[in-house]
Amino acid sequence: MATSQTPPFDFRAVVLAGFLPAALFAVGEGAIIPIIPIAASSLGAGLAFAGFVASLILVGELIGDVPSGVVVARIGERNAMIGAAVVSVVGLLVCTVAPNPWVLAVGVFLVGVSTAVFALARHAYMTTAIPLHVRARALSSLGGVFRFGYFVGPFLAAGVVHLTGTTQSAFWIHIVCCLGAAVVLLVIRDPATGARGLRKPHRASRPDLPIAPEQPTAPEQPAAPGTAASTGALPGEEFVRDEAHGLFRTLRTHNRVLVRLGSGAALIGAMRAGRQVILPLWAVSVGMPGSTAALVIGIAGAVDFALFYTSGQIMDRWGRLASALPCMLGLSVSYFLLAWSGHLDARVGWFVAIAMGMSLANGVGSGILMTLGADLAPRDHPAPFLGAWRFTGDLGSAAAPLLISGVTAIATIAVASGVMGVLGLVGAGVLLRYVPRYLPRRLR
């Protein structure tokens, strides 16, 4: 019998090579996001243009999502993360020396694009390195690392700005974090190959990643043509069988799952991003002081962060829908309750309760988008598909604030909250319809 060439799984090495760089990068990004509009304003930008500059980090991520899959597929995950960290440093240096808001905008956009590459490479790396039976816990923990960075980063930025007296000094936090992440990736060995430094990995697929899908139990509900269940292929094999990973080829080959299940991912992204916009606006509408609102939203964020590992346990034990559906339904109900509570005398108390409920629902779904993407991606070359998959979620995240502001301008914030609640129900229906169609029974 031939000896397997697949290296044994080393969880410690994966944690060091995957989680530690991600934590550093997330802390740095969390430090600069609240500083960007302030820095733009200090350089002479008006309120509207300062908001535009701040949005460019998200625009850069959105534009960089799909092309980043091609980059990662060609140079490898570790090389892509190191390269993204270097490009991010370049963009951050531009931000630190920017003489006007336009130059700052260029730097912020560069940071956004590099963030897309880093995040995609990190996602693809964990997809190929983590065994299937702990995949959801690993990826939800990765989501928890991201939340941790967004929680800690602003405090670091506040301290640095206080000590230096200039807002642009906060960009140095992210520079140090990016350099630290690059050093970790250069020093820590790849757990799949044992290699260090700038080398393109040529790893064999882990034999424990794919599992053969079960046949549908109901003959009157045959699997959709082209899916794993209908072809007998392993998850992901039906998508890509060759080495071509061009952008348009990726979109064409994956069009069914991206349109169907990807629309559910977009709605998940929209529901999550929407709460970050509507909660502060609602606090203003009910007359809550800014400091009190910040405290409530901060505590709610801690509740969200505390549940990331629980979400992974739910997905690994009971399937992806056991996390996705409570998340979407809980967020949807919360939006409806928010819309309903606006006329009540106790609306401040309701706001606090609903903010906690939203965080609870969102925390239960921590890591669901990354986990679904990893489940659906081709096992040998996941990066191109994951780039397109991440684009769908980020598209929803980018659209939600625009939708809320538009509906609020035309009608009221209560109507906007009700619209988001309806979208949550639609998203739950999409996931319930298509997750069983594209995933084998054990993962549903």
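None of the values given here were measured: they were computed from a predicted structure.

*Asks:* With reference to specific residues and values, describe the overall build of the protein.
*Replies:* Within the protein, the regular secondary structure consists of 17 helices and zero strands. Counting across all 444 residues of the protein, residues that qualify as buried make up 53%. Considering only intrachain contacts with a sequence separation of at least 6, the fraction spanning at least 24 residues in the protein is 82%. Roughly 18,500 Å² of accessible area belongs to the protein as shown, and the carbon and sulfur atoms make up 69% of that amount.

*Asks:* Quick rundown of a nonpolar patch on the surface? Include the residues and the values.
*Replies:* Together, Leu329, Phe336, Val422, Leu425 and Val426 give the surface a local cluster of nonpolar side chains, amounting to about 400 Å² of exposed area. Where the nonpolar patch is concerned, the elements lending two or more residues are helix 13 (321-341) and helix 17 (413-438). If one sorts the elements of the nonpolar patch by residue count, helix 17 sits on top with three residues. When you line up the elements, Val422 lands in helix 17.

*Asks:* Provide a residue-level description of helix 10 (residues 255-285), including the pertinent values.
*Replies:* Helix length check: helix 10, at 31 residues, gives a terminal C-alpha distance of 42 Å against a target of 45 Å (1.5 Å per residue), a fit within 8%. Of all the bends in helix 10, the greatest, near 45°, is centred on Gly262. Two residues or fewer after helix 10 comes Gly287, characterised by a positive phi angle close to 80°.

*Asks:* Any chance you could break down the packing of helix 5 (residues 101-129) against helix 16 (residues 383-410) for me, citing the residues and the numbers?
*Replies:* Packing of helix 5 against helix 16 brings their axes to within 10 Å, and their N-to-C directions diverge by 125°. In terms of their interaxial angle, helix 5 and helix 16 are classed as oblique. Here the hand of the crossing between helix 5 and helix 16 comes out right-handed. Taking contact as the criterion, the partners of Ala119, Leu120, Arg122, His123, Ala124 and Thr127 in helix 5 are, on helix 16, Ala383, Leu386, Gly387 and Arg390. Within the contact of helix 5 with helix 16, the residues separate by chemical class into five nonpolar, three polar and two charged.

*Asks:* Before we move on, could you go through the pattern of salt bridges and cite the residues and values that matter?
*Replies:* Under the criterion given, the structure shown has six salt bridges. Residues Arg275 and Asp304 are paired through a salt bridge, measuring 2.7 Å at the closest nitrogen-oxygen approach. Placement of Arg275 in helix 10 and of Asp304 in helix 11 (residues 290-306) is noted, with a sequence separation of 29 residues between them. Owing to a relative accessible area of 4%, Asp304 belongs among the buried residues under this scheme. Across the pair Arg320 and Asp375 runs a salt bridge whose closest N-O atoms are separated by 2.6 Å. Of the two residues, Arg320 sits in the loop between helix 12 (308-318) and helix 13 while Asp375 sits in helix 15 (residues 368-376), which places them 55 residues apart along the sequence. Arg320 gets classed as buried once you look at its relative accessible area, which sits at 2%. Note on Asp375: relative accessible area 3%, which makes it buried. Sharing partners across several salt bridges, the network here consists of Arg135, Arg137, Asp316, Arg320 and Asp375.

*Asks:* I'd like a rundown of the packing of helix 10 against helix 16, residues and numbers included.
*Replies:* Orientation of helix 10 relative to helix 16, taken along the N-to-C sense of each, is 40°, at an axis distance of 6 Å. If you check the angle between helix 10 and helix 16, you find them oblique. As helix 10 packs across helix 16, the resulting crossing turns out to be right-handed. Looking at side-chain class alone, the contact of helix 10 with helix 16 contains 16 nonpolar, seven polar and no charged residues.

*Asks:* For the nonpolar core, give the residues involved together with the corresponding values.
*Replies:* Formed by 116 residues in total, the largest nonpolar core has its most connected members in Leu104, Leu261 and Leu431. The element that contributes the greatest number of residues to this core is helix 10, accounting for 13 residues.

Thresholds, definitions, all that
- Residues numbered from 1 in each chain as written.
- Predicted model: local features only at pLDDT ≥ 70, side-chain atom pairs only at ≥ 80, totals over all residues.
- Heavy atoms only, no water.
- Helix = DSSP H or I, 4+ residues; strand = E, 2+ residues; numbered from the N terminus.
- Buried < 20%, exposed > 50% of the residue type's maximum accessible area, 1.4 Å probe, protein only.
- Contact = heavy atoms within 4.5 Å.
- Areas by Shrake-Rupley, 256 points an atom, 1.4 Å probe, with all protein chains shown as cover.
- Patch = residues over 30% accessible without salt bridge, like charges linked within 9 Å, V, L, I, M, F, W, Y side chains within 5 Å.
- Salt bridge = Lys/Arg side-chain N within 4 Å of Asp/Glu carboxyl O.
- Expected span 1.5 Å × (residues − 1).
- Bend = angle between axes of the 7 residues up to and from the residue.
- Axes fitted to C-alpha atoms, helices over the stretch in contact; angles between N-to-C directions.
- Parallel < 35°, antiparallel > 145°, perpendicular 65-115°, else oblique.
- Left-handed = near helix turned anticlockwise from the far one by under 90°.
- Nonpolar A, V, L, I, M, F, W, Y, C, P; charged D, E, K, R; others polar.
- Core = buried A, V, L, I, M, F, W, Y, C linked by side-chain atoms within 4.5 Å.

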